[in-house]
Amino acid sequence: MVDTQLMSGMGTGTGAVLTGDGLAITNYHVVEDASEVTVTVADSGEVYTATVLGRDSLHDVAVLQIEDAPSLATASINTELPDRGEPTAAVGNGGGQGYLTAVTGELTGLDESIVASSSVPDDMSRLSGLIETSADVVPGYSGGPLVDGDGQVIGITTAASQGETAEEVDGYAIPVTVALDVVEQVLSGEETDSVSIGMDGALGIVVGTEQEQAVVIEVTPGSSAEQLGLRERDIVRTVDGQPVTSAAELSQIVNDHNVGDVITVEWTTEAGEDRSGEATLQEAVVY
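Since the model is a prediction, treat every value here as computed from it, not as a measurement. (Residues numbered from 1 in each chain as written. Predicted model: local features only at pLDDT ≥ 70, side-chain atom pairs only at ≥ 80, totals over all residues. Heavy atoms only, no water.)

### Focus on the overall build of the chain
Note the cut-off: Secondary structure counts use DSSP, requiring at least four H or I residues in a row for a helix and at least two E residues in a row for a strand, with both numbered from the N terminus. It is over C-alpha atoms that the radius of gyration is taken, and the globule rule equals 2.2 Å times the number of residues to the power 0.38. Exposure is judged per residue with a 1.4 Å probe applied to protein chains only, and the accessible area is read against the type maximum: over 50% gives exposed, under 20% gives buried, and values in between give partly exposed. By definition in these notes, contact holds between two residues if any of their heavy atoms fall within 4.5 Å. Computed with the Shrake-Rupley method and a 1.4 Å probe, the accessible areas treat only the protein chains shown as cover for residues. Working convention for charge: Lys and Arg count positive, Asp and Glu count negative, and His plus the chain ends are omitted. Charge positions come from single atoms, namely NZ of Lys, CZ of Arg, CG of Asp or CD of Glu.
Each helix and strand counted, the chain has four helices and 22 strands in total. Relative to a compact globule of 287 residues, whose C-alpha radius of gyration would be 19 Å, the chain shows 19 Å and is just as compact. Projecting the C-alpha coordinates of the chain onto the three principal axes gives extents of approximately 60 × 40 × 35 Å. Classification of the 287 residues of the chain by burial places 47% in the buried group. For the chain, the proportion of contacts with a sequence separation of at least 24, taken over those separated by at least 6, is 58%. Counting every atom, the chain has about 13,500 Å² of accessible surface; 45% of that belongs to carbon and sulfur. One finds the centroid of the 7 positive side-chain charges in the chain at a distance of 13 Å from the centroid of its 49 negative side-chain charges.

Encoded structure:
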């Protein structure tokens, strides 16, 4: 089970252990903007700190290193996908309940595409190449394993369709082969167009969307944003020349950078003055 500390509160999800020395995998959206990641091993209840080694926002995969853990049991993986109609089960920390449960169903689709959204307004992304299951996935299962009839991991749960009943809700998972390719790329230490190494960079601000504008709601004292000169009610217009019209766009552009990267920001103050400057991104912080 994966718990995160965010500027806006707490987050929760699930993951899978790949190696006995603590290499693990979860969804990127589970650890996005996190200042601290902790992992609870469901079998033992032991809690460990985890480091984000890298992430792929395009495929919604993050690679973790569980720190100072003893030899851990690892997930059994099957890179061969079952046929449609074969049994599947999604395992996860449903609703952040603090223990794992499983929901069962059948494999109902392969190579599916969806538009996924979060609780953040305007925060949507397109995911493709997904496994579809009739298992009744709920929040908290994100990043957890989708297993076949033999209990072997075939995918990493990433989303669920909207609905009120089990019949209406379908789950979607990233094929485990795609997730393992991201792990290999992260471990190589070389970034690509979609794979970034290390934790997200951050400005240290809370931003809201108002009238198609990214408006600064709060600035963390001592943060990169404060040093840049951003203040509450300022409107961020561009980052590195890319137009910004929402909090989600700003977050995506900043998160595509690493800690220590220098970005150029253009903004308008509450008084209507246009300003620009360079900021060195920090790790996400909680105050």
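From this point, things continue past the structure.
### Notes on the environment of H257
Mapped onto the elements of the fold, H257 is located in the loop between α4 (247–255) and β20 (262–268). Judged by relative accessible area, H257 falls into the buried class, the value being 17%.

### Observations concerning the UniProt feature "domain: PDZ" (unreviewed entry) in the chain
For clarity, the threshold we go by: UniProt positions are given in the numbering used here, feature names are shortened, and annotations may be inferred rather than shown by experiment.
Here the UniProt feature "domain: PDZ" (unreviewed entry) sits at residues 201–273. For the annotated span residues 201–273, helix accounts for 19% and strand for 37% of the residues, and the straight-line distance between the end C-alpha atoms is 27 Å.

### Focus: the environment of E270
Structurally, the position occupied by E270 is in the loop between β20 and β21 (274–280). Here the alpha-carbon distance between E270 and A75, two residues 195 residues apart in the chain, equals 52 Å. With near-sequence residues (within four places) excluded, E270 lies in contact with E232, R233 and D234.

### A short note on the nonpolar core
Convention followed: Joining through side-chain atoms within 4.5 Å is the link that ties buried Ala, Val, Leu, Ile, Met, Phe, Trp, Tyr and Cys residues into a set, and such a set is a nonpolar core.
Core analysis: the biggest nonpolar cluster contains 23 residues, and I25, V61, V63, I114, L130 and V183 have the highest contact counts within it. Considering every element that reaches this core, the biggest residue donor is helix α2 (residues 176–188), with five residues. If sequence neighbours within four positions are ignored, V61 has contacts with I25, T26, N27, Y28, R55, D56, I174, A179 and V182.

### Some thoughts on the side chain of S224
For the record, the criterion: N or O atoms closer than or at 3.5 Å make up a polar contact, with two conditions inside protein: a donor-capable atom paired with an acceptor-capable one, and, for residues adjacent in sequence, both atoms drawn from side chains.
Topologically, S224 is positioned in helix α3 (residues 224–228). Within the structure, S224 has its side chain in polar contact with the backbone oxygen of T280 (distance 2.6 Å).

### Description of unusual backbone geometry
At D33, a position not held by glycine, the phi torsion is positive, near 70 degrees. Tracing the sequence through the fold places D33 in the loop between α1 (28–31) and β5 (36–40). What makes D33 partly exposed here is its relative accessible area of 32%. Even without being a glycine, D68 presents a positive backbone phi close to 55 degrees. The exposed category is assigned to D68, whose relative accessible area is 77%.

### Regarding the pattern of salt bridges
As a reminder, the rule being used: Whenever Lys or Arg places a side-chain nitrogen within 4 Å of a carboxyl oxygen from Asp or Glu, that contact is recorded as a salt bridge.
What the rule picks out here adds up to four salt bridges. In this structure, the salt-bridge partner of E266 is R237, at a minimum N-O distance of 3.8 Å. On the criterion of sequence distance, the pair formed by E266 in strand β20 and R237 in strand β18 (residues 235–239) is long-range, its members being 29 residues apart. Between R237 and D274 there is a salt bridge, with its nearest N and O atoms 3.3 Å apart. You can see R237 sitting in strand β18 and its partner D274 sitting in strand β21, a full 37 residues away along the chain. In this structure R237 comes out as partly exposed when scored by relative accessible area, which is 29%. Bridged by salt links that share partners, the residues R237, E266 and D274 form one connected network.

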